[in-house]
Amino acid sequence: MENIEYKDLLDAGVHFGHLTRKWNPKIAPYVFMERNGIHIIDLNKTLASLDEASNAVKNIVRSGRKIMFVATKKQAQEVVSEEAKRLRMPYVTHRWLGGMLTNFSTIRKSLRKLSSIDKMMKEEAYQNLAKRERLMLTREKEKLERVLGGIADLSRLPAALFVVDIKREHIAIKEAHKLNIPVIAMVDTNSDPTQVEHPIPANDDAFKSISLIVKHIGKSIEEGLLERKQQKEEAKLKEEEAKKREADEKPEEAKSEESAS
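Residues numbered from 1 in each chain as written. Predicted model: local features only at pLDDT ≥ 70, side-chain atom pairs only at ≥ 80, totals over all residues. Heavy atoms only, no water.

To continue, consider the sheet that holds strand 7 (residues 183-187). Sheet architecture is open: 5 strands sit in the order 5-4-6-7-8, paired in parallel fashion. Each edge of the open sheet carries a strand with a single partner, namely strand 5 (91-92) and strand 8 (198-201). Where strand 4 (residues 67-70) and strand 6 (residues 160-164) come together, 4 bridges link them in parallel fashion. Paired with I67 across the two strands is A160, which belongs to strand 6. Contacts from helix 2 (residues 43-62) reach strand 4, strand 6, strand 7 and strand 8 within the one sheet, and its direction differs from that of strand 8 by about 140°. (Pairing = 2+ DSSP bridges. Helix = DSSP H or I, 4+ residues; strand = E, 2+ residues; numbered from the N terminus. Contact = heavy atoms within 4.5 Å. Axes fitted to C-alpha atoms, helices over the stretch in contact; angles between N-to-C directions.)

So, in structure tokens, the structure goes:
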């Protein structure tokens, strides 16, 4: 994977924080200086945090588990949903439904409902329904897809959350903590980095900054998936070799028995 460099972060405006009066004092270790009433993020700290977050992400994905992307702010929705779809990871970009993690059994019922509506709409019986009934089903499907479409294939709780803007997604973070699910997140100067396990100090308002960080995390996930695939192939190869050795050894054993008799 191409390493992200200091210049890349600078060009994307990752260093621009919020107004000094809006800062959270707990972000102080990640602040480099103040300029024209705005806090400037220490990009060396961002690089170190990104490296740590990337390793955490890789380890999770390598073990065959999922990472859920959460970003409901307008400037993050498109890039997050595209990256999550590309990697086949669950995502939430419309709005966070209370209980999406802590009440996952109820969410799964809604997902089953979405699946059954989708199946019904492909059947011939759907065409025989009254126009009003078809319209109601279409509207219900659209509503469910908007809110739950990104987690339609999620059969169990994710192993971690990747969040853009922890202030906005505070409900998701609270739910994750209740279930001991670690959180990797972009943290701006108006937020408390101690609320998440893997904070990445960065501008979480500018599209360029969000895009750069999200795509870097995406590449780390991609690497983890590739390593998992290679591990599986190696394990399969070893298993086949062991079976072949076993098959080759059997005739030798039979010959030894014959000569002994």
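Past the structure itself, the notes keep going.
Between side chains of opposite charge, pairing is possible as soon as their charged atoms come close. Tallied over the entire structure, the rule returns 14 salt bridges. A salt bridge links D205 to K73; the nearest nitrogen and oxygen atoms lie 2.8 Å apart. Here the residue D205 occupies a position in the loop between strand 8 and helix 8 (207-260), and K73 occupies one in the loop between strand 4 and helix 3 (74-87), the gap between them amounting to 132 residues. Judged by relative accessible area, which is 31%, D205 ranks as partly exposed. Judged by its relative accessible area of 5%, K73 falls in the buried class. Residue K243 pairs with E239 through a salt bridge whose shortest N-O separation is 3.6 Å. In this pair, K243 and E239 are both assigned in helix 8, 4 residues apart and thus about one turn of the helix distant. By relative accessible area, E239 is classed as partly exposed at 49%. Connected through salt bridges with shared partners, the residues K73, D165, D204 and D205 form a single ionic network. (Salt bridge = Lys/Arg side-chain N within 4 Å of Asp/Glu carboxyl O. Buried < 20%, exposed > 50% of the residue type's maximum accessible area, 1.4 Å probe, protein only.)

A few words now on helix 3. Its 14 residues give helix 3 an end-to-end C-alpha distance of 21 Å, which sits within 8% of 20 Å, the value for a rise of 1.5 Å per residue. Within helix 3, burial applies to A76, V79, V80, S81, E83, A84 and L87. Downstream of helix 3 by one or two residues, R88 has phi in the positive range, about 60°. (Expected span 1.5 Å × (residues − 1).)

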